[in-house]
Amino acid sequence: VDVFQAWCGPCKPVVNLFQKIKNEVGSNLLHFAVAEVDSIDALEKYRGQCEPVFLFYTGGELVAVVRGVDAPLLQKTILKQL
C-alpha cells in the first residue's frame, strides 16, 4: 500500500516499478493499492510525514514497512514477502 498525503499525492514512479515486478513474477498474490492518510483513521500515525511510506500486508497483517522511494529495497521486500 502506497500511503500518501493529499498535498503530495501517490508516488507515480513506484506504480511503474510494482507493475514491472508483477509482470515478471506473475503472481496473483501481489496487489498494489494507494491510500490517503487524511481519509483513513487507521493510518493516522503516518500523517504529517513528507516521505512516501509503503506498507506490506500478508493475510491482513502488516509484515513490512519501507520509508522513502528506494526501488531496490522495495523490490527486495516484495520478493521476500512473496
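Residues numbered from 1 in each chain as written. Predicted model: local features only at pLDDT ≥ 70, side-chain atom pairs only at ≥ 80, totals over all residues. Heavy atoms only, no water.

The name given to the protein in an unreviewed UniProt entry is TXND6 protein, and the organism recorded there is Vidua macroura.

(A) The arrangement of the pattern of salt bridges in detail. Under the counting rule described, the total for this entry stands at two salt bridges. Among the ionic pairs, Lys 20 bridges to Glu 24, the shortest N-O distance being 3.5 Å. Taken together, the positions of Lys 20 and Glu 24, both in helix α1 (residues 12-25) and four residues apart, correspond to about one turn of that helix. Residue Lys 20 is classed as partly exposed on the basis of its relative accessible area of 43%. Look at Glu 24 and you get exposed, because its relative accessible area is 52%. Measuring nitrogen to oxygen at the nearest pair gives 3.7 Å for the salt bridge that ties Arg 47 to Asp 41. You can call Arg 47 partly exposed: its relative accessible area is 29%. (Salt bridge = Lys/Arg side-chain N within 4 Å of Asp/Glu carboxyl O. Helix = DSSP H or I, 4+ residues; strand = E, 2+ residues; numbered from the N terminus. Buried < 20%, exposed > 50% of the residue type's maximum accessible area, 1.4 Å probe, protein only.)

(B) Looking closely at helix α2 (residues 71-81). Along α2, the residues that are buried comprise Leu 74, Thr 77 and Ile 78. Each buried residue of α2 lies within a common arc of 100° when the element is viewed along its axis, so the set occupies one face. Exposed positions of α2 whose direction lies more than 90 degrees from the buried face are Pro 72, Lys 76 and Lys 80. Residues of α2 that are buried make contact with α1, β3 (53-58) and β4 (61-67). (Arc of directions from axis to C-beta. Contact = heavy atoms within 4.5 Å.)

(C) Spotlight on the sheet that holds strand β2 (residues 34-36). Read across the open sheet, the four strands follow the order β2-β1-β3-β4; overall the sheet is mixed. Of all strands in the sheet, those bounded by a partner on one side alone are β2 and β4. Mean inter-strand twist for the sheet, computed between neighbouring axes without regard to direction, equals 30°. Relative to β4, β3 is paired through six bridges, and the arrangement is antiparallel. Counterpart to Phe 54 in the pairing with β4 is Val 66. Along the sheet, α2 contacts β3 and β4; its crossing angle with β4, the most-contacted strand, is approximately 165°. (Pairing = 2+ DSSP bridges. Axes fitted to C-alpha atoms, helices over the stretch in contact; angles between N-to-C directions.)

(D) Here's a closer look at the packing of α1 against α2. Remark: α1 packs on α2, axes separated minimally by 11 Å, with the N-to-C direction vectors making an angle of 40°. It follows that α1 is oblique to α2 by the angle criterion. Relative to α2, α1 is oriented so that their crossing is right-handed. Contact with α1, carried on its side by Val 14, Leu 17, Phe 18, Ile 21, Glu 24 and Val 25, involves Ala 71, Leu 74, Gln 75, Ile 78 and Leu 79 of α2 and no other residues of that element. For the contact of α1 with α2, the per-class residue count stands at nine nonpolar, one polar and one charged. (Parallel < 35°, antiparallel > 145°, perpendicular 65-115°, else oblique. Left-handed = near helix turned anticlockwise from the far one by under 90°. Nonpolar A, V, L, I, M, F, W, Y, C, P; charged D, E, K, R; others polar.)

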